[in-house]
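Listed below are the residues making up each chain.
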Amino acid sequence: MNTTDTPTIRIAPSILSADFSRLGEEVRAIEAAGADMVHFDVMDNHYVPNLTIGPLVCEAIRPHVTIPIDVHLMVEPVDALIPLFAKAGANIITFHPEASRHIDRTLSLIREHGCRAGLVFNPATPLDLLDYVMDKCDMILLMSVNPGFGGQKFIPSTLTKLKAARARIDAHRAAGGQEIWLEVDGGVKTDNIAEIQRAGADTFVAGSAVFSAPDDDKGYRTIMQQLRAQCRSL
Ligand code: DX5
Ligand code: ZN
């Protein structure tokens, strides 16, 4: 890579760590502070042992931001929620392959509803599920923690897996395939984002790192600038 290039970096604060009593204000603050997307964690107390937010909340925050809403579905089953989230203003919808009986169909369904589609890989889930569906993925999301909770510690083996995912994406692109974003989710902080980027990620979810900063657009801007600055210093 030309060292003068600024690499593509997308920061996606996870509102799981936001103040839910002031959610509209919180998402406006992260957009004003330079967030590229809102990461929206949906948990169902079935696929994961926690219960969070659904399409009604997505619809409620939609008018507060212009940046994309990146819906991470940790639910089982998946398909029935796709039209509801598309209608509620989601732009990206990702799901865990273990939670869908028909992965190819679910990916297509997401695109048919006008959203970017993506698969999410848990720490122990191998990437070979991608073998026959790369052309249907706009996003590959690697979990760097086990899904269910914010504030967990980054699992280091994700770095090796990111390199493998990056190699798959680069080969796909070289063969004329569509653009695919590589997102990492869990335990991303200022002290590890550089090596995560070096391993191949271009899109970074950061929940507790962003929302533990002073809760105004100035505090959020500072932490997001610090995250970006680490990446630029490669
Ligand atoms: C975990 C969620 C993550 C989480 C990230 O299941 O998918 O998006 O909120 O939070 P941090 O950045 O605190 O690990
Ligand atoms: Zn997430």
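Structural data are supplied above this passage.
These lines cover the structure that appears in this document, whether it is placed above or below.

### Topic: the overall build of the protein
Broken down by element type, the protein carries eight helices and eight strands. Relative to the globule expectation of 17 Å for 234 residues, the C-alpha radius of gyration of the protein, 17 Å, shows essentially globular dimensions. Along the longest, intermediate and shortest principal axes, the C-alpha atoms of the protein span 45 × 45 × 30 Å. In the protein, which comprises 234 residues, the proportion classed as buried is 54%. Where the 22 positive side-chain charges of the protein centre and where its 29 negative ones centre are 3 Å apart.

### Quick word on unusual backbone geometry
With an omega of 0°, the peptide bond running from Glu76 to Pro77 counts as cis. Relative to the helices and strands, Pro77 is located in the loop between β3 (69-74) and α3 (81-87).

### Remarks on the nonpolar core
The biggest cluster of nonpolar side chains holds 74 residues, and the ones touching the most others in it are Ile15, Phe40, Val71 and Phe204. Looking at which element gives the most residues to this core, the answer is helix α8 (residues 217-232), with five residues. Excluding anything up to four places from it in sequence, Phe40 contacts Ile15, Ile53, Gly54, Val57, Cys58, Ile61, Ile69, Asp70, Val71, His72 and Phe85. Ala12, Met37, Met139 and Val205 belong to the second-largest nonpolar core, a separate cluster that totals six residues.

### Structural notes on the coordination of the zinc ion (ligand 2)
At 2.1 to 2.3 Å from the zinc ion (ligand 2) lie its protein donor atoms, namely His39 (NE2), Asp41 (OD), His72 (ND1) and Asp185 (OD). Within one chain, the residues donating to the zinc ion (ligand 2) are spaced in sequence as H-x1-D-x30-H-x112-D. Linking Asp41 in strand β2 (residues 38-43) with His72 in strand β3, this pair joins segments that are 31 residues apart in sequence. Classification of Asp41 by relative accessible area gives buried; the value is 5%.

### Digging into helix α5 (residues 158-174)
Each α-helix winds once per 3.6 residues, and so residues spaced three or four apart point in a common direction. In this model, α5 (17 residues) spans 24 Å end to end at C-alpha, consistent with the 24 Å of a helix rising 1.5 Å per residue. Residues of α5 that are buried: Thr158, Leu159, Lys161, Leu162, Ala165, Arg166, Ile169 and His172. For α5, the angular spread of buried residues about the axis comes to 150°, placing them on one side. Turned more than 90 degrees away from the buried face of α5 sit Thr160, Lys163 and Ala174, all of them exposed. In this structure, the buried side of α5 is in contact with β5 (116-121), β6 (139-143), β7 (181-185) and α6 (193-198). With its phi angle positive at about 90°, Gly176 sits one or two positions after the end of α5.

### Points about the site of ligand 1
In the vicinity of ligand 1 there are 20 residues, among which Asp41, Gly151, Asp185, Gly207 and Ser208 approach most closely. Interatomic distance of 2.5 Å between a side-chain N/O atom of Ser208 and an oxygen atom of ligand 1. Taken by itself ligand 1 offers 390 Å² of open surface, and the protein chains cover 100% of this. Contributing elements (two or more residues each) for the shell around ligand 1: β2, β3 and β8 (203-206).

### A word on the pattern of salt bridges
Between side chains of opposite charge, a pair can form as their charged atoms come close. Evaluation of the coordinates by the stated rule reveals twelve salt bridges. The residue Arg10 makes a salt bridge to Glu179 at a minimum N-O spacing of 4.0 Å. Residue Arg10 is located in strand β1 (residues 10-13), and its partner Glu179 is located in the loop between α5 and β7; the two are separated by 169 residues in the primary sequence. Arg22 is the salt-bridge partner of Asp19, the closest N and O atoms lying 3.1 Å from each other. The class for Asp19 is partly exposed, based on a relative accessible area of 30%. Here the salt bridges do not stand alone but share partners, grouping Arg10, Arg166, Asp170, Glu179 and Asp202 into one network.

Rules used in this analysis
- Residues numbered from 1 in each chain as written.
- Chains lettered and ligands numbered in written order.
- Predicted model: local features only at pLDDT ≥ 70, side-chain atom pairs only at ≥ 80, totals over all residues.
- Heavy atoms only, no water.
- Helix = DSSP H or I, 4+ residues; strand = E, 2+ residues; numbered from the N terminus.
- Rg over C-alpha atoms; globule rule 2.2 N^0.38 Å.
- Buried < 20%, exposed > 50% of the residue type's maximum accessible area, 1.4 Å probe, protein only.
- Lys, Arg positive; Asp, Glu negative; His and termini not counted.
- Charge placed at Lys NZ, Arg CZ, Asp CG, Glu CD.
- Core = buried A, V, L, I, M, F, W, Y, C linked by side-chain atoms within 4.5 Å.
- Contact = heavy atoms within 4.5 Å.
- Donors = N, O, S within 2.8 Å, 3.2 Å for Na, K, Ca; no water.
- Expected span 1.5 Å × (residues − 1).
- Arc of directions from axis to C-beta.
- Near = heavy atom within 4 Å.
- Polar contact = N/O pair within 3.5 Å; in protein donor to acceptor, adjacent residues only side chain to side chain.
- Areas by Shrake-Rupley, 256 points an atom, 1.4 Å probe, with all protein chains shown as cover.
- Salt bridge = Lys/Arg side-chain N within 4 Å of Asp/Glu carboxyl O.

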